[in-house]
Amino acid sequence: GLLLAFLLCRQKESWIKAACLLIPLSTILETSIGRSPALAFAYTCVDMLTGLSASYLLQRFYGPRFQLRSVKALLGFVLVACVLCNVMGAMLAATIATIAKEPGSFVDVWKTWYIACTLGVLTVSPLFLSLCESRWKKATIARTVEAIIVSALVVTLSLFVFLTPPETLDSRPALLFS
């Protein structure tokens, strides 16, 4: 979600520079949680491909300054980023996990990857896109309350996804939230 928002806030010309910086950083972070460098690099490439393809398609359909200011843009964002690109990314990640003999079945890895990426895209991307495109206005009580509620929802969803044991996590509640 963060990568998608970052890319959508930038011109296409800067995407290669960003990828060259983010690929090594993400690979190092992946290896820090115990993955082999090759597997970490493969998962990082899946993340980059998903973010770059979603950004490219959204800018291709909606212009170089994509903004979530209409229902049409919101539906396009959900269809492109959450459905098309996250399904593709989850399939690639599950294939890599199967080839690398990672724990879990193809379907379990696919569901986990898809749910995690979709929640990230639906919660983090709009937040950072709004920060990118907005002009800072004076904080009102209504905006402060809205910010507190959105922050609480992001924290609650994150805790739900990351603290629920994998064997008890059924994808339906998470998909209802998304």
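Each chain carries its own residue numbering, running from 1 in the direction its sequence is written. With the structure being a predicted model, the display of local features is reserved for residues of pLDDT at least 70 and the display and counting of side-chain atom pairs for 80 or more, all residues being used for whole-chain, interface and lining totals. Note that the side-chain values use all heavy atoms of the structure and ignore hydrogens as well as water.

### Topic: the nonpolar core
We call a set of buried residues a nonpolar core when its members are Ala, Val, Leu, Ile, Met, Phe, Trp, Tyr or Cys and they connect through side-chain atoms within 4.5 Å of each other. Each residue is placed in one exposure class: buried if its accessible area under a 1.4 Å probe, protein chains only, is under 20% of its type's maximum, exposed if it is over 50%, and partly exposed if it falls in between. Formed by 15 residues in total, the largest nonpolar core has its most connected members in L4, L58, F66, F77 and L129. Among the elements of the structure, α1 (2-8), α3 (37-62), α4 (71-99) and α5 (106-133) are those that each provide at least two residues to this core. Helical segments are the DSSP runs of H or I of at least four residues, strand segments are the runs of E of at least two, and each set is numbered from the N terminus. Ranked by residues supplied to this core, first place goes to α4 with six residues. Formed by eleven residues, the second largest nonpolar core is a distinct cluster that contains V46, A93, W113 and Y114.

### Some points on the packing of aromatic side chains
Geometry of aromatic contacts follows a simple scheme: Phe, Tyr and Trp rings, the Trp one being its six-membered ring, pair when their centres are within 6.5 Å, and the pair is stacked under 30 degrees between planes, edge-to-face over 60, tilted otherwise. Per the stated rule, a full pass over the model turns up four aromatic pairs. Summarising the aromatic geometry, the rings of Y43 and W113 are spaced 5.3 Å apart at their centres and angled 40 degrees between planes, so their arrangement reads as tilted. Linking Y43 in helix α3 with W113 in helix α5, this pair joins segments that are 70 residues apart in sequence. The two residues Y43 and W113 agree in class, both being buried. Ring centres of Y62 and F66 lie 5.5 Å apart, and the angle between their planes is 70 degrees; on these two criteria the pair is classed as edge-to-face. Among the aromatic residues, those joined into a ring-pair cluster are Y62, F66 and F77.

### A look at the pattern of salt bridges
For salt bridges, the criterion is a side-chain nitrogen of Lys or Arg within 4 Å of an Asp or Glu carboxyl oxygen. Scanning the entire structure with this criterion turns up one salt bridge. Between R35 and E30 there is a salt bridge, with the nearest N and O atoms lying 2.4 Å from each other.

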